[in-house]
Amino acid sequence: MTERLYYDDSYMKEFDAEVVRAELRRGRPIVALNRSAFYPTSGGQPYDTGTINDARVTDVFVDADGEVWHEIDAPLDVGTQVHGKIDWARRWDHMQQHGGEHMIAGAVYNLTGGMTIGLHLGAEVSSIDVQFADGSTHMDAELIAKIEDYVNERIQMDAPIRCWFPSAEELASLPLRKAPTVKEHVRIVAMGDFEMVACGGTHPSSTGQIGLVKIVSAASERGKLRLSFVCGMRAYRDYRQNYNCAWAAANLMSTRPEKLPELLESTLQRLKDTERELNRLRRERLLENVPELLAHAEPIPGGGKLVCELADCDAAALKELASKLIEENGMVALLGAKNGEKCNFVFARSADLDLAMGKLLSEAAKPLGGKGGGRPDFAQGGGPAEVLDAARILVMKGVEA
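All values reported here derive from a predicted model rather than from experimental measurement.

**Quick look at the pattern of salt bridges**
Then step 1. On inspection of all chains with the given rule, the structure shows 20 salt bridges.
Then step 2. For the salt bridge of Asp-48 with Arg-91, the shortest nitrogen-to-oxygen distance reads 2.6 Å. A residue pair is termed long-range when its members are at least 10 positions apart, and Asp-48 in the loop between strand 4 (35-36) and strand 5 (50-52) and Arg-91 in helix 1 (residues 88-112) qualify at 43 residues.
Then step 3. On the basis of relative accessible area, Arg-91 is assigned to the buried category, the value being 0%.
Then step 4. Two residues, Glu-277 and Arg-280, come together in a salt bridge whose shortest N-O distance is 2.4 Å. You can see Glu-277 and its partner Arg-280 sitting in helix 5 (residues 260-288), three residues apart, about one turn around the helix.

So this is what it looks like as structure tokens:
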């Protein structure tokens with residue numbers, strides 16, 4: 001079985017070994033070594049990448065017997081003496097994220113009693129799922145800040161991080177945050193005197209090397225609370241990006257970043273008020289145009305008149321316009337209004353006509369990727385502007401009730 005060198009030294013970047021097994025998996029060569037510093041995917045931490053001789057390592061995994069396998073892009077024969085090199089940037093990032101996760105999970109447990117159920121180290125953001133005794137899936141901003149302060153204060157202590165395999169007797173006496181998930185070869189990770197848990201991952205040698213921890217979101221996920229976070233250089237890059245964005249936005253508004261929320265709130269309120277007033281004026285202008293629309297209505301074969309119009313208004317005004325038009329006897333109103341790249345539609349008819357508006361809208365919209373339906377006298381839907389022309393053609397050909 002592979003000797004896992006990262007257990008004793010997670011800072012090992014290069015090592016020598018021998019190929020002891022070589023196979024194919026899904027057409028790709030895989031090799032097992034007598035010793036390896038490559039971390040295999042497990043415990044929520046992704047595998048290491050790098051090279052073995054000139055072959056690039058594209059995956060590392062453990063089989064059911066505990067053997068570590070390395071997927072490579074060029075075959076190696078059994079007995080070959082090899083030199084392995086770890087992609088250190090990737091390993092170090094994972095060490096910072098995993099170390100930060102321990103501290104966040106410990107802080108959550110110490111401050112709230114919440115138990116961490118799972119870890120996922122993503123390429124950009126990592127996350128843990130937390131289960132609370134009362135079933136809560138919410139965490140407010142004040143508590144998130146308290147957890148961040150708790151963690152970052154302990155990071156600044158630069159407390160030692162120790163990883164070891166204790167004896168059964170020692171293991172039974174340790175104040176673990178939660179019980180180990182394995183019975184044998186239990187590896188313990190302790191951070192100062194404030195965090196201790198079983199874990200087989202790679203971590204920095206002191207909390208100070210984690211650098212910085214920032215929780216970026218807290219959301220309900222499948223009956224648990226999911227905390228997403230960034231640590232170390234990821235947290236620094238996140239801060240730099242947000243700093244630059246905040247100042248760019250502040251400069252556009254001729255203010256400072258700390259004044260942005262207040263200024264944006266007042267600006268958005270003014271925009272809402274302006275939009276509301278603009279819609280009112282559009283509606284008034286639209287309704288003033290009803291006599292002209294009626295005067296230019298198109299005769300329908302077999303009786304009645306048709307108004308087919310693409311208006312500049314909101315959905316409420318469109319419905320009001322349709323209602324006004326069909327107050328006249330013998331009227332069919334096929335109306336649309338732009339809504340982004342598509343249109344909202346309102347199809348309506350006077351009470352004295354016997355045309356099925358819901359059916360008309362559905363038949364006109366569906367072939368064009370739109371949708372809609374409704375009552376025989378009034379229907380609503382959405383789709384491309386061409387739906388109006390298609391509906392007009394159907395009306396002129398005659399629509400069944």
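So much for the structure itself; the text now carries on.
**Regarding the sheet that holds strand 8 (residues 81-86)**
Then step 1. Here we have six strands rolled up into a closed barrel, ordered 2-3-7-6-5-8, and antiparallel in their pairing. Here the average twist between neighbouring strands, direction ignored, is 45°.
Then step 2. Here strand 6 (residues 55-62) runs beside strand 7 (residues 68-72); their pairing, made up of five bridges, is antiparallel. Looking across to strand 7, one finds that Val-60 is bridged to His-70.

**Topic: the pairing of strand 19 (residues 342-349)**
Regular strands place their side chains on alternate faces of the sheet.
Then step 1. By the criterion of burial, strand 19 is predominantly enclosed, with six of the eight residues buried.
Then step 2. From the end of strand 18 (residues 331-339) to the start of strand 19, which pair antiparallel, there are two residues, and Gly-340 there has a positive phi angle of about 75°.
Then step 3. Bridge analysis of strand 19 against strand 21 (residues 378-383) gives six bridges, and the strand direction is antiparallel. Counterpart to Ala-348 in the pairing with strand 21 is Phe-378.

**As for unusual backbone geometry**
Trans peptide bonds make up the majority, and among non-glycine residues the majority have a negative phi.
Then step 1. In the Ramachandran plot, Arg-26 falls in the positive-phi region, its phi being about 50° despite a non-glycine side chain.
Then step 2. Mapped onto the elements of the fold, Arg-26 is located in the loop between strand 2 (14-25) and strand 3 (28-33).
Then step 3. Overall, Arg-26 belongs to the exposed group, its relative accessible area being 70%.
Then step 4. At Arg-222, a position not held by glycine, the phi torsion is positive, near 55°.

**Brief notes about the sheet that holds strand 13 (residues 195-198)**
Paired through backbone hydrogen bonds, the strands of a sheet run either parallel or antiparallel to each other.
Then step 1. The three strands are arranged 11-12-13 in an open sheet whose pairing can be described as antiparallel. Where the open sheet ends on each side, the last strands, each with one partner, are strand 11 (161-164) and strand 13. Neighbour to neighbour, the strand axes of the sheet diverge by 10° on average, direction disregarded.
Then step 2. As judged from the four bridges shared by strand 12 (residues 188-191) and strand 13, these two strands associate in the antiparallel manner. Counted as the bridge partner of Val-189 is Val-197 from strand 13.
Then step 3. Along the sheet face, helix 1 touches strand 12 and strand 13 and points at about 75° away from the line of strand 12.

**Details of the packing of aromatic side chains**
Then step 1. Under the criterion given, the structure shown has ten aromatic pairs.
Then step 2. Judged by centre distance (5.9 Å) and plane angle (40°), the rings of Tyr-11 and Trp-88 are tilted. Here Tyr-11, found in the loop between strand 1 (3-4) and strand 2, pairs with Trp-88, found in helix 1; they are 77 residues apart in sequence, far enough to count as distant.
Then step 3. One residue, Arg-90, lies across the ring of Tyr-47, its end atom 4.9 Å from the ring centre.
Then step 4. Directly above the ring of Tyr-150 sits Arg-154, whose terminal nitrogen or CZ lies 3.6 Å from the centroid.

The rules behind each value
- Residues numbered from 1 in each chain as written.
- Predicted model: local features only at pLDDT ≥ 70, side-chain atom pairs only at ≥ 80, totals over all residues.
- Heavy atoms only, no water.
- Salt bridge = Lys/Arg side-chain N within 4 Å of Asp/Glu carboxyl O.
- Helix = DSSP H or I, 4+ residues; strand = E, 2+ residues; numbered from the N terminus.
- Buried < 20%, exposed > 50% of the residue type's maximum accessible area, 1.4 Å probe, protein only.
- Pairing = 2+ DSSP bridges.
- Axes fitted to C-alpha atoms, helices over the stretch in contact; angles between N-to-C directions.
- Contact = heavy atoms within 4.5 Å.
- Phe/Tyr/Trp six-rings, centres within 6.5 Å; stacked < 30°, edge-to-face > 60°.
- Lys NZ or Arg CZ within 6 Å of the ring centre and 35° of its normal.

On their own, these measurements won't tell you what the molecule is for.
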